[in-house]
Amino acid sequence: MKKIIILLILSLLIIFLDRFGILSYPKGLIERGLSFRINFPNFENQEVKKLREENTKIMSQLVDQQNLKLENEALRIQLNAGRVTGEKNLIVAKVLGRTARAIFVDKGEKDGIAFGTNVLYENILVGRVVAVSQYRSKVELPTSSSSKIPAKTEHGAIGIVTGGPAGMFLDKVTLNEQISEDDLVLTAGNLSQENELSGYLPDLIIGKVTQVKRLESALFQQAQMQGPLDVSKLEFVFLVP
Amino acid sequence: MKFWLSISVFITSFIEGTLIFLPLTLVLLVLRRSIILAFFSGLLLDVLQVRPLGVTSLFFLVILAAITLYKKKLSIENPVFVSLVVFVSSFVYSLTFNRDLTGSFYQGLILTFLVAAYFLMSRILTKKVYKRSL
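Residues numbered from 1 in each chain as written. Chains lettered and ligands numbered in written order. Predicted model: local features only at pLDDT ≥ 70, side-chain atom pairs only at ≥ 80, totals over all residues. Heavy atoms only, no water.

A. Representation of the overall build of chain B in the model. When helices and strands are counted, chain B shows six helices and zero strands. The order of helices and strands in chain B, counted from the N terminus, is α-α-α-α-α-α. Computed over C-alpha atoms, the radius of gyration of chain B comes to 15 Å, within 12% of the 14 Å expected from 2.2 N^0.38 for 134 residues, which places it in the range of a compact globule. Its C-alpha atoms give chain B principal-axis dimensions of about 55 × 35 × 30 Å. Out of the 134 residues belonging to chain B, those deemed buried represent 48%. Taking as baseline every contact in chain B between residues at least 6 positions apart, the subset at least 24 positions apart corresponds to 61%. (Helix = DSSP H or I, 4+ residues; strand = E, 2+ residues; numbered from the N terminus. Rg over C-alpha atoms; globule rule 2.2 N^0.38 Å. Buried < 20%, exposed > 50% of the residue type's maximum accessible area, 1.4 Å probe, protein only. Contact = heavy atoms within 4.5 Å.)

B. Looking closely at the packing of aromatic side chains. All names here are of chain B. Enumeration over the complete set of coordinates arrives at twelve aromatic pairs over all chains. Both rings, one in Phe-105 and one in Tyr-106, keep their centres 6.1 Å apart while their planes meet at 65°; by these two values the pair is edge-to-face. Judged by relative accessible area, Tyr-106 falls into the partly exposed class, the value being 45%. Every member of this aromatic cluster is reached through a ring pair, and the members are Phe-59, Phe-60, Tyr-93 and Phe-97. (Phe/Tyr/Trp six-rings, centres within 6.5 Å; stacked < 30°, edge-to-face > 60°.)

C. Region of the structure containing the environment of Gly-189 of chain A. All names here are of chain A. Secondary-structure assignment places Gly-189 in the loop between strand E9 (184–187) and strand E10 (205–213). When the C-alpha atoms of Gly-189 and Leu-234 are compared, they prove to be 24 Å apart, with 45 residues separating the residues in sequence. Dropping the residues within four chain positions of it, Gly-189 is found in contact with Pro-150, Tyr-200, Leu-201 and Pro-202.

D. Region of interest: the interface of chain A and chain B. On the chain B side, the residues contacting the 32 residues of chain A number 37 residues. Summed over both partners, the interface of chain A with chain B comes to about 2800 Å²; 73% of that surface belongs to carbon and sulfur atoms. Interface area lost by chain A to chain B is led by Ile-4, Leu-7 and Arg-101 of chain A, which between them contribute 19%. Counting across the chain A and chain B interface gives two residue pairs in polar contact (both at pLDDT 80 or more). When residues of the side of chain A that touches chain B are traced back to their parent elements, those giving at least two are helix H1 (2–19), helix H2 (24–33), strand E1 (91–98), strand E4 (124–132) and strand E5 (137–140) of chain A. The dominant element in the side of chain A that touches chain B, judged by the number of residues it contributes, is H1 of chain A, at ten residues. (Buried area = accessible area lost by both parts, 1.4 Å probe. Polar contact = N/O pair within 3.5 Å; in protein donor to acceptor, adjacent residues only side chain to side chain.)

E. A look at the pattern of salt bridges. All names here are of chain A. Within this structure, the stated rule accounts for five salt bridges over all chains. One salt bridge connects Asp-18 with Lys-27, and the closest N-O pair in it is separated by 3.5 Å. Accessibility assignment for this pair places Asp-18 and Lys-27 in one class, buried. For Lys-107, the salt bridge goes to Asp-106, with nearest N and O atoms at 3.7 Å. (Salt bridge = Lys/Arg side-chain N within 4 Å of Asp/Glu carboxyl O.)

F. Looking closely at the side chain of Ser-83 of chain B. Of note, Ser-83 of chain B is situated in helix H5 (residues 79–98). If we ignore the near neighbours within four places in the chain, the residues touching Ser-83 of chain B are Thr-112, Val-115 and Ala-116 of chain B.

G. Quick look at a nonpolar patch on the surface. All names here are of chain B. Residues Phe-105, Tyr-106, Leu-109, Ile-110, Phe-113 and Leu-114 make up a contiguous nonpolar surface patch of roughly 600 Å² in combined accessible area. Here Leu-109 is to be found in helix H6 (residues 101–133). Residue classification places Leu-109 among the partly exposed positions, given a relative accessible area of 40%. (Patch = residues over 30% accessible without salt bridge, like charges linked within 9 Å, V, L, I, M, F, W, Y side chains within 5 Å. Areas by Shrake-Rupley, 256 points an atom, 1.4 Å probe, with all protein chains shown as cover.)

H. Structural view of the pairing of strand E11 (residues 220–226) of chain A. All names here are of chain A. Of the strand pairs in this sheet, strand E8 (residues 167–174) and E11 are connected by five bridges, and their pairing is antiparallel. Bridging across to E11, Met-168 finds its partner in Met-225. Both E10 and E11 contribute to a ladder of five bridges, which runs antiparallel. Considered in E11, the bridge of Lys-213 is made with Gln-222. Between E10 and E11, which pair antiparallel one after the other, the connecting turn spans six residues. (Pairing = 2+ DSSP bridges.)

I. Local environment of H2 of chain A. For H2 of chain A, the full list of buried residues reads Lys-27, Gly-28 and Glu-31 of chain A. Looking straight down H2 of chain A, one finds its buried side chains confined to an arc of 100°; they lie on one side. Those residues of H2 of chain A hidden inside the fold are in contact with H1 of chain A together with helix H3 (35–48) of chain B. (Arc of directions from axis to C-beta.)

J. Inspection of the confidence of the model for chain B at higher detail. Residue and element names in this part refer to chain B. Looking at chain B, the pLDDT average stands at 83 and 95% of residues meet or exceed 70. No element of chain B has a lower mean pLDDT than helix H1 (residues 2–18), at 79, and none a higher one than H3, at 89. In the model output, the complex is listed with pTM 0.73 alongside ipTM 0.79. (pLDDT = per-residue confidence, 0-100.)

K. The arrangement of the environment of Leu-75 of chain A in detail. Residues and elements named next belong to chain A. In this structure, Leu-75 sits in helix H3 (residues 46–80). Along the backbone, Leu-75 and Lys-27 are 48 residues apart, and their C-alpha atoms lie at a distance of 30 Å. Those residues in contact with Leu-75 that lie beyond four places of it in its chain are Val-92 and Phe-238.

L. Molecular detail of the nonpolar core. Membership of the largest hydrophobic core comes to 41 residues, with the highest contact counts inside it found for Val-30, Phe-60 and Tyr-93 of chain B. For this core, the secondary structure elements donating two or more residues are H1 of chain A together with H1, helix H2 (24–32), H3, helix H4 (55–70), H5 and H6 of chain B. Sort the elements by how many residues they give to this core and H3 of chain B lands first, with nine residues. If sequence neighbours within four positions are ignored, Tyr-93 of chain B has contacts with Glu-16, Phe-21, Pro-23, Leu-26, Leu-45, Arg-51, Thr-56, Phe-59 and Phe-60 of chain B. (Core = buried A, V, L, I, M, F, W, Y, C linked by side-chain atoms within 4.5 Å.)

Laid out in structure tokens, this is it:
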């Protein structure tokens, strides 16, 4: 029990020090370290070790080349999508990890990323930065239940896109508005950082309507949506600081 | 044994931080009750999941402290008790860091099911080994 109490106090101390940025240097070092592949030590004979090292070097060069190719391709795609972001600079970020509700990218405060930064791929909204450290950011996907995006359909119906266990859906659409299957849903856009609904660029694709749920007795109608991107296959994304 | 446990905790932390949002590290810590690993894996998870440093360590240590306190009153090897602890702790953990009530509930259920399956499997295996030794 004594050990637990000591470590509890140490944890509290770390939280306190981190809050004031005192641990930013070692934290940054670890973050940068974890952005690369981790190599475990091996105990082989020297010749095999050397050959393996050479092999690894060649392989890593190949991977670098492949990454550059992917990055180039992604940049080319993004250049075509310039109309959405206008004059804003885009930051290319590598996807480091992903869960059902969020992705983690290798750009952070040091690259000018802040809370609320929009993340896109082509003209498609990937999500918004909800947590940021020096070299890493967490991007909340529209499928997350805590995500609320003001949206409009291509025919002008206004609502809020939110997530849940069954995927994402367009909610709070008044009954007098018309929504139908295959309607494109776009961000309504409100860049002022006033509340949880603001801070999105306008006219980014969120997804399309797959099913409309309309009850005459209800105040609002709802529509099930499907996103155009397979987030699990994303290698790079673009951040709009 | 401690080495393999450390490796397992490191791997689960990495999986949890990059692939799936299931508190696997928490389950492993509840099952093995290693305080030092709770502290360090919490720090690793904080870095991977972009959380304030020390928050997850604090959470893990509070859970382990609660288990240690109940150790004297209840048998901590009891599968029902461990499953209950896993459900409650993973539910609170997910709710704290993910703020999704329904998702947290389902995650708690999935992990409880996994832990129950683990106990069942280990019981079957122990019986088989015992029969063979006879």
